[in-house]
Amino acid sequence: MRLRNITGSREVIAASAYVVHGEKECRRRWKEIFGNDSPIHIEIGMGKGKFLHTMARLHPEVNYVGIEKYSSVLLRAIQKMEEEELPNLKFIRMDAEEITEVFAPGEVERIYLNFSDPWPKDRHARRRLPSRQFLARYDVILKDGGELEFKTDNRQLFDFAVGELAPAGWKARAVTYDLHGDRALMEGNVMTEYEEKFSAQGNPINKYIIYREK
Ligand code: SAM
């Protein structure tokens, strides 16, 4: 998702109290940033932030961090926070490739990937957020017993993601090729912007929940 360049979005982000600045100094400082030691859940590739904003409202006992690469998209998430401020939600504008510089080993309890960009060309496979290269980064920041949840309507990307699990040392706790038809996995499901759009078009939604044995 890349919106047209919105004039001034970088300036708005730089001045926003909802955005964590100097992100590379955040490691081990998250308790201080949120003012409590609640567990940290993150969404990588948050887009306009609807999913995370809803999650933060529903679960005040969890601290959420939304990561988004593009300023024009992050701006929308900031606007949502201006309408309804939530103390347990912060944003970072960054490329997820640098995620291990922002969270210390074991600092994150849960990771969400929702409707990640597919990067369909083989030579771009390592850029896919559920690739083994990214799983290795998540392995560092995720605490023992932590989980990662991934949803997408893109079957090719999902099949690729499932195929990456064993070589990367991860295991599936749950896999479905029709989330909206799975009563157990739908419990507590919060729809993302893309999920609303693609499920309305009749596309089945794939989801896995994964962990590593530690
Ligand atoms: N998660 C949202 C949803 O489900 O509605 C947005 C999905 S959108 C297809 C993917 C988002 O991931 C885009 O906003 C894109 O800018 C962001 N993104 C892609 N690669 C990223 C990366 N390496 N680091 C941070 N954000 C990334």
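Residues numbered from 1 in each chain as written. Predicted model: local features only at pLDDT ≥ 70, side-chain atom pairs only at ≥ 80, totals over all residues. Heavy atoms only, no water.

Draft legend 1. Main features of the packing of aromatic side chains. Within the structure shown, the criterion is met by ten aromatic pairs. On the basis of an interplanar angle of 15° and a centroid distance of 5.1 Å, the ring pair of Trp30 and Phe103 is categorised as stacked. Of the two residues, Trp30 is situated in helix α2 (residues 30–34) and Phe103 in the loop between β3 (89–93) and β4 (108–114); the sequence distance between them amounts to 73 residues. Centre to centre, the rings of Phe158 and Tyr208 are 5.7 Å apart; their planes meet at 40°, and the pair counts as tilted. On the criterion of sequence distance, the pair formed by Phe158 in helix α6 (residues 155–168) and Tyr208 in strand β7 (residues 206–211) is long-range, its members being 50 residues apart. Judged by relative accessible area, Tyr208 falls into the buried class, the value being 0%. (Phe/Tyr/Trp six-rings, centres within 6.5 Å; stacked < 30°, edge-to-face > 60°. Helix = DSSP H or I, 4+ residues; strand = E, 2+ residues; numbered from the N terminus. Buried < 20%, exposed > 50% of the residue type's maximum accessible area, 1.4 Å probe, protein only.)

Draft legend 2. Inspection of the site of the ligand at higher detail. Around the ligand lies a shell of 19 residues, among which Gly45, Glu68, Ala96, Asn114 and Thr192 are the nearest. Interatomic distance of 3.0 Å between a backbone N/O atom of Asn114 and a nitrogen atom of the ligand. A distance of 3.0 Å is found between an oxygen atom of the ligand and a backbone nitrogen or oxygen belonging to Tyr194. Alone, the ligand offers 600 Å² of accessible surface; in the complex the protein occludes 97% of this. When the residues that make up the shell around the ligand are grouped by side-chain class, the tally is nine nonpolar, four polar and six charged. (Near = heavy atom within 4 Å. Polar contact = N/O pair within 3.5 Å; in protein donor to acceptor, adjacent residues only side chain to side chain. Areas by Shrake-Rupley, 256 points an atom, 1.4 Å probe, with all protein chains shown as cover. Nonpolar A, V, L, I, M, F, W, Y, C, P; charged D, E, K, R; others polar.)

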